[in-house]
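Structure assessment
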Amino acid sequence: MGDWYRDFANSGVGSTLVEQLGLPRPAVLRRHEPGAPLLTGPAVVGTAGEGRLHETVIRVLEDAGVPVQPPAATDGERLGAVLLDATGVTSPADLAAVHEFLAPALRRLGPSGRVLVLAGPPSDAGSPAQAAARQALEGLVRSVAKELRNGATANLLVVPAGAEAAVPGPVRFFLSGRSAYVDGQVVPLTATDVPAGEDAERPLAGKVAVVTGAARGIGASIARVMARDGASVVGVDVPAAGQSLAEVANEIGGTAFQLDITAPDAAQRLIAHLRERHGGVDIVVHNAGITRDKLLVNMDAARWNPVMAVNLQAQLDTTQALLDADGLLRTGARVVCVSSQSGIAGNRGQTNYAASKAGVIGMVRAWAPAFAERGATINAVAPGFIVTEMTATMPFGTREVGSRINSLQQGGLPVDVAETIAWLSQPSAAGVNGQVVRVCGQSFLGA
Ligand SMILES: NC(=O)c1ccc[n+]([C@@H]2O[C@H](COP(=O)([O-])OP(=O)(O)OC[C@H]3O[C@@H](n4cnc5c(N)ncnc54)[C@H](O)[C@@H]3O)[C@@H](O)[C@H]2O)c1
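Bear in mind that the values here come from a model prediction, so they are computed numbers and not experimental data.

Brief notes about the overall build of the protein chain
When helices and strands are tallied, the protein chain shows 15 helices and 13 strands. Computed over its C-alpha atoms, the radius of gyration of the protein chain comes to 22 Å, within 12% of the 22 Å expected for a compact globule of 447 residues. Seen through its C-alpha atoms, the protein chain measures out along the principal axes to roughly 65 × 50 × 45 Å. By the burial criterion, 55% of the 447 residues in the protein chain qualify as buried. Within the protein chain, residue pairs in contact and separated by at least 24 positions form 76% of the contacts whose partners lie at least 6 positions apart. Within the structure as shown, the protein chain displays about 18,300 Å² of accessible surface, and the carbon and sulfur contribution to it stands at 54%. Computed over 36 positive and 40 negative side-chain charges, the inter-centroid distance for the protein chain is 5 Å.

This is how it looks when you write it as structure tokens:
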């Protein structure tokens, strides 16, 4: 299931032809490999106004062995990343410094480079002028993401006062190859305690992770990435998928638990299994999902009900049961729910699916405060066009259009969704709670 057009556009003959015809040239994205450096080139770090995160950002880069160059360096070396601490902007006039720093730096950004801006929340601003300047950064970053080429991405972290400790984990994610298909996103952080001493290569070491729908597709990829990052994975899927589930579990040294998550006793059976085998659980990924597409006027209950049951009600019931099960959900627990771009943009023929996926977003937002009280988090990931067996069966034209209408001009891979979910499951992602992170290459749908 490769991307024939991307491969052609990056071949000798293809790249010349594509350039002559003025066609898009989707890049081969830099994806995380164990042991890979955080960046492939040096970084520059700028500030606009009196920023408060400059030192924090420099420390993350130095700890990862990334050389930091002064913004005015002119040796011509391609940059791995351009970071801007814009927490000091107080009015639109300060944005001139943002432009002044970014314009020359972006000219030097290398392939799959990263632009990361850190700003204060507009809602906490001291004046309308400051709120305007902070909000302006959102428009700027989303536009920069659309201007970048060669697999480079731009994202914005919104950091309220007091949330400084929550910054390093998200900065590492957005600079790394783990965020290859996350582009044009705005991620607000909250102030919280962040455990120290995470192993960069095995950040989930010692954690027990449940992944539903793990027999194939995105779920199998999540299970693999979680295991690679050190977690003991309990893969869950329907009995009919038992064979493939067992294969995935064996491959990653995890265990398989056959369960229809919509069964009336599903949550209690899962809880009993986790208590008996593992004594508790640290990470729960609600990934299992189904589609039963039809225009609303032609949709019967046989299409509406199962989609709601699998995609939304099971996530609600299981999460509530886990919260109620005394001591089962361990301190620092992470729940990650798979939503969809359809739940944000809507999609013709998918009223049931889009409703269920939008419901997931409402659910994580509503539950975030209760999770924060336990030192835990709950977030959603909304994939865009992901190249899977499902999308491979789409008509050629629909598939081509669907996969190209984003800033990276290509579909994402299951591993891109898996990497984002694994990141949200890390201890150092403690400051991300109640958020929706899109893994869509900055899709133009629902933006
Ligand atoms: N593929 C995409 O482009 C895309 C885009 C956006 C969102 N998503 C979401 O990502 C998730 C995974 O999608 P996928 O493409 O890998 O789908 P998939 O159909 O390949 O895999 C889904 C898995 O869930 C399992 N499952 C279904 N009902 C279940 C139940 N009642 N109990 C237990 N397991 C059950 C299936 O057996 C299957 O193994 C879904 O929630 C989907 O809605 C996918």
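Focus: the environment of Leu316
Positionally, Leu316 belongs in helix α10 (residues 301-324). For Leu316, a relative accessible area of 30% translates into the label partly exposed. Expressed as a C-alpha distance, the spacing of Leu316 and Ile386, which sit 70 residues apart in the sequence, is 25 Å. Beyond its immediate stretch of four places on either side in the chain, Leu316 contacts Met363 and Trp367.

Description of the pairing of strand β10 (residues 281-286)
Along β10, 6 of the 6 residues are buried, which leaves the element largely enclosed by surrounding structure. Strand direction decides the pairing type here: strand β7 (residues 208-212) and β10, joined by 3 bridges, are parallel. Paired with Val211 across the bridge in β10 is Val285. The pairing of β10 with strand β11 (residues 329-338) spans 5 bridges and is classified as parallel.

Some remarks on the site of the ligand
Around the ligand, 25 residues are found, and the nearest of them are Arg216, Ile218, Asp237, Asn287 and Tyr353. Contact between the ligand and Arg216: an oxygen atom at 2.7 Å from a side-chain N or O atom of the residue. Side-chain polar atom of Asp237 to an oxygen atom of the ligand: 2.6 Å apart, as the coordinates give it. Look at the ligand: alone it shows 840 Å² of surface, and the protein chains cover 89% of it. Looking at the shell around the ligand, the elements that each hand over two or more residues are α7 (217-228) and α12 (351-373). Residue classes in the shell around the ligand are distributed as 13 nonpolar, 8 polar and 4 charged.

Section: the side chain of Thr319
Mapped onto the secondary structure, Thr319 falls in helix α10. Overall, the relative accessible area of 2% leaves Thr319 in the buried class. A distance of 2.5 Å separates the side chain of Thr319 from the backbone oxygen of Gln315, its partner in a polar contact. Excluding its chain neighbours within four sequence positions, the residues that come into contact with Thr319 are His286, Trp367, Phe371 and Ile378.

Describing the environment of Leu116
Topologically, Leu116 is positioned in strand β4 (residues 109-119). It is 5.8 Å that separates the C-alpha atoms of Leu116 and Leu156, two residues lying 40 residues apart in sequence. If we ignore the near neighbours within four places in the chain, the residues touching Leu116 are Val82, Leu83, Leu84, Asn155, Leu156, Leu157, Val171, Phe174 and Leu175.

Observations concerning the layout of surface pockets
Computed from the structure, the second largest pocket encloses a volume of approximately 390 Å³. Residue lining of the second largest pocket: 20 residues in total, with Arg142, Gln185, Val186, Val436 and Arg438 positioned closest to the centre. Those elements that provide at least two residues to the lining of the second largest pocket are α5 (128-147), β6 (186-188), α12 and β13 (436-439). Here the residues of the lining of the second largest pocket sort into 8 nonpolar, 7 polar and 5 charged. Inspection of the lining of the second largest pocket shows a minimum of three residues originating in each of domain 1 (32-188) and domain 2 (208-439).

A closer look at a nonpolar patch on the surface
A surface patch of nonpolar side chains, amounting to about 320 Å² of accessible area, comprises Trp4, Phe8 and Phe396. In this fold, Trp4 is placed in helix α1 (residues 4-9). Exposure remark for Trp4: the relative accessible area of 45% places this residue in the partly exposed category.

Observations regarding the nonpolar core
Counting 64 residues, the largest nonpolar core has Leu61, Leu83, Leu157, Val171, Leu175, Met226 and Ile421 as its most contacted members. Among the elements that take part in this core, α7 stands out by supplying 7 residues, more than any other. Both of domain 1 (32-188) and domain 2 (208-439) provide at least three residues apiece to this core. Excluding its chain neighbours within four sequence positions, the residues that come into contact with Leu157 are Leu116, Val117, Leu118, Ala119, Pro170, Val171, Phe174, Val187 and Leu189. Counting residues in hydrophobic clusters, the runner-up holds 40 residues, among them Ile271, Leu322, Ala325 and Ile361.

Considerations on empty space enclosed by the protein
Under the defined criterion, the tally for this structure stands at 2 cavities of 30 Å³ or more. The computed volume of the largest cavity comes to approximately 50 Å³. With 3 residues, helix α9 (residues 266-278) is the single largest residue contributor to the lining of the largest cavity. Each residue belonging to the lining of the largest cavity can be placed in one class, and the counts come to 7 nonpolar, 3 polar and no charged. The space that makes up the second largest cavity amounts to roughly 40 Å³. Arg25, Pro26, Ala27, Leu148, Arg149, Asn150, Gly151, Ser407, Leu408 and Gln409 together form the lining of the second largest cavity. In terms of residue class, the lining of the second largest cavity is made up of 4 nonpolar, 4 polar and 2 charged. Looking at the lining of the second largest cavity, you find at least three residues from each of domain 1 (32-188) and domain 2 (208-439).

Reading the values: the criteria
- Every chain is numbered independently, its residues counted from 1 as its sequence is written.
- Restriction of local features to residues with pLDDT of at least 70 applies here, the model being predicted, together with a cutoff of 80 or more for giving and counting side-chain atom pairs; totals for whole chains, interfaces and linings are based on all residues.
- Values shown for side chains rest on all heavy atoms present in the structure; no hydrogens or waters enter the calculation.
- A run of H or I in DSSP becomes a helix once it reaches four residues, and a run of E becomes a strand once it reaches two; helices and strands are each numbered from the N terminus.
- Two things to know: the radius of gyration comes from C-alpha atoms, and the globule rule equals 2.2 Å times the number of residues to the power 0.38.
- For each residue, the accessible area found with a 1.4 Å probe, counting protein chains only, is set against the maximum for its type, and the residue is called buried under 20%, exposed over 50%, and partly exposed in between.
- Any pair of residues with heavy atoms lying within 4.5 Å of one another is described as a contacting pair.
- Each accessible area is a Shrake-Rupley estimate made with a 1.4 Å probe; only the visible protein chains count as cover when residues are assessed.
- Counting rule for charge: Lys and Arg are taken as positive, Asp and Glu as negative, and neither His nor the chain ends is counted.
- Every charge is mapped to an atom, namely NZ of Lys, CZ of Arg, CG of Asp or CD of Glu.
- Think of it this way: DSSP has to see at least two bridges between two strands before they count as a pair.
- Any residue with a non-hydrogen atom lying within 4 Å of a molecule or strand is treated as near it.
- Polar contact is the term for a pair of N or O atoms within 3.5 Å; when the atoms are in protein, one must be able to donate a hydrogen and the other to accept it, and sequence-neighboring residues count only if both atoms are side-chain atoms.
- Residues were grouped as follows: Ala, Val, Leu, Ile, Met, Phe, Trp, Tyr, Cys and Pro as nonpolar; Asp, Glu, Lys and Arg as charged; and all remaining residues, including Gly, as polar.
- Within this scheme a cavity is a closed region of a 1 Å grid, computed over the protein atoms alone, that accommodates a 1.4 Å probe without allowing it to escape, whereas a pocket is open but has protein on both sides within 12 Å along at least five of seven lines; lining residues each have an atom within 4 Å of a point.
- Grid points are joined across faces, edges and corners, and a volume is the space filled by probe spheres set on the points.
- Domain delimitation follows an automatic or database domain assignment.
- Patches here: salt-bridge-free residues with over 30% relative accessible area, like charges joined within 9 Å, nonpolar side chains (Val, Leu, Ile, Met, Phe, Trp, Tyr) joined within 5 Å.
- Only one rule defines a salt bridge in this text: a Lys or Arg side-chain nitrogen within 4 Å of an Asp or Glu carboxyl oxygen.
- Throughout this description, the term nonpolar core refers to a set of buried Ala, Val, Leu, Ile, Met, Phe, Trp, Tyr and Cys residues connected via side-chain atoms within 4.5 Å.

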